[in-house]
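Listed below, chain by chain, are the residues.
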Amino acid sequence: MAKKPMLTFVLMDAPFESARTTTAMRLLDIAARRGYDINVFAYEGAVYLPFARQTQHPNAVHGHDTEEENHPLPKDWVGALIAEAESRGGSIDWANCGLCVDERGAEECVSGVRRGTPADLVDFAKRSDNTLVIPTS
Amino acid sequence: MDHYVLIASRNDREARDANYCFELGAKLASKGHTVAVFMVQNGVLTACEDKPELLAARDAGVMLLADSFSLRERGISAARLNESVLSTALDFVVDRLAAGDKVIWH
């Protein structure tokens, strides 16, 4: 049986701002559904992707209440990706850069996300079969 | 020789250096490397045009791919694509990552 790949993704963009976040989540979803072992190193604004205090809101312009608006929250995507990976026999080790977290007060994260350091990125890259850096535009 | 995937996520209306992927791809291919340029997000808008950089990359042997999801998001049908470009699922990028290609996001 072939060795299961381990991939590392490096994310930089803050949520709600860039299509790169959507594409990054799509890549993670594909790898998670394959049962790969995945590492994520989130830094700069990306440390807000799993921020636990994200909340849905109504949209008065559209006349929608909160339930009708059903605004997607990246923290839920992160939680779902971690659950999906585990259900497929894989894993996601998501490390938020601690320096970036402290700068932004983003320490409250969904379950499965841990605080890390740039040394984690080095370790991820060394252990992975490949690494994709998705920089901010 | 190495295998490269260059990810083009912007077009030249939003970023002046957006076509660098095609130029780099052509140079790498001319040196014997295997190269694919994968257009995604607004990068797929280039897939509908006859940009000199796109055509030069094609002529150098670069595989030109456009993310099928990004095309659908923008209402771009396969019929509008440059004939050198193939509509492809994002799975291609994960396939190449797992295979050990050098994947570079621009």
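The model shown is predicted, which means the values in this text are computed figures rather than measured ones. (Residues numbered from 1 in each chain as written. Chains lettered and ligands numbered in written order. Predicted model: local features only at pLDDT ≥ 70, side-chain atom pairs only at ≥ 80, totals over all residues. Heavy atoms only, no water.)

**Structural notes on the overall build of chain A**
So, point 1. For chain A, the count of helices and strands is five helices and five strands.
So, point 2. When the helices and strands of chain A are placed in sequence order, the string is β-α-β-α-α-β-α-β-α-β.
So, point 3. Scaling as 2.2 N^0.38, a compact globule of 137 residues should have a C-alpha radius of gyration of about 14 Å, and chain A matches this with 15 Å.
So, point 4. Residues classed as buried in chain A amount to 48% of the 137 residues present.
So, point 5. Contacts in chain A between residues far apart in sequence, at least 24 positions, make up 76% of those at least 6 positions apart.
So, point 6. Summed over all atoms, the accessible surface of chain A reaches about 6,800 Å², with 53% contributed by carbon and sulfur. (Helix = DSSP H or I, 4+ residues; strand = E, 2+ residues; numbered from the N terminus. Rg over C-alpha atoms; globule rule 2.2 N^0.38 Å. Buried < 20%, exposed > 50% of the residue type's maximum accessible area, 1.4 Å probe, protein only. Contact = heavy atoms within 4.5 Å. Areas by Shrake-Rupley, 256 points an atom, 1.4 Å probe, with all protein chains shown as cover.)

**As for the nonpolar core**
So, point 1. Membership of the largest hydrophobic core comes to 39 residues, with the highest contact counts inside it found for Leu11(A) and Trp94(A).
So, point 2. Here this core gets seven residues from one element, more than from any other, and that element is helix 1 (residues 19-33) of chain A.
So, point 3. In this structure Trp94(A) touches Leu11(A), Met25(A), Leu28(A), Val40(A), Ala42(A), Leu49(A), Pro50(A), Val78(A), Gly112(A), Val113(A) and Arg114(A), once residues within four positions along its chain are discounted.
So, point 4. One finds Val35(B), Ala47(B), Ile76(B) and Val85(B) within the second-largest nonpolar core, a separate group that totals 21 residues. (Core = buried A, V, L, I, M, F, W, Y, C linked by side-chain atoms within 4.5 Å.)

**Here's the deal with the packing of aromatic side chains**
Each aromatic ring pair is summarised here by two numbers: the centre-to-centre distance and the angle between the ring planes.
So, point 1. Overall, the coordinates contain three aromatic pairs over all chains when judged by the stated rule.
So, point 2. Between Tyr48(A) and Phe51(A), the aromatic rings sit 5.0 Å apart at their centres with planes inclined by 85°, giving edge-to-face as the arrangement.
So, point 3. Taking 6.1 Å as the distance between ring centres and 5° as the angle between the ring planes, the aromatic pair formed by Phe38(B) and Phe92(B) counts as stacked. With Phe38(B) in strand 2 (residues 34-39) and Phe92(B) in helix 4 (residues 91-99), this residue pair connects regions lying 54 residues apart in the sequence.
So, point 4. Taking relative accessible area as the criterion, Phe38(B) reaches 0% and is therefore assigned buried. (Phe/Tyr/Trp six-rings, centres within 6.5 Å; stacked < 30°, edge-to-face > 60°.)

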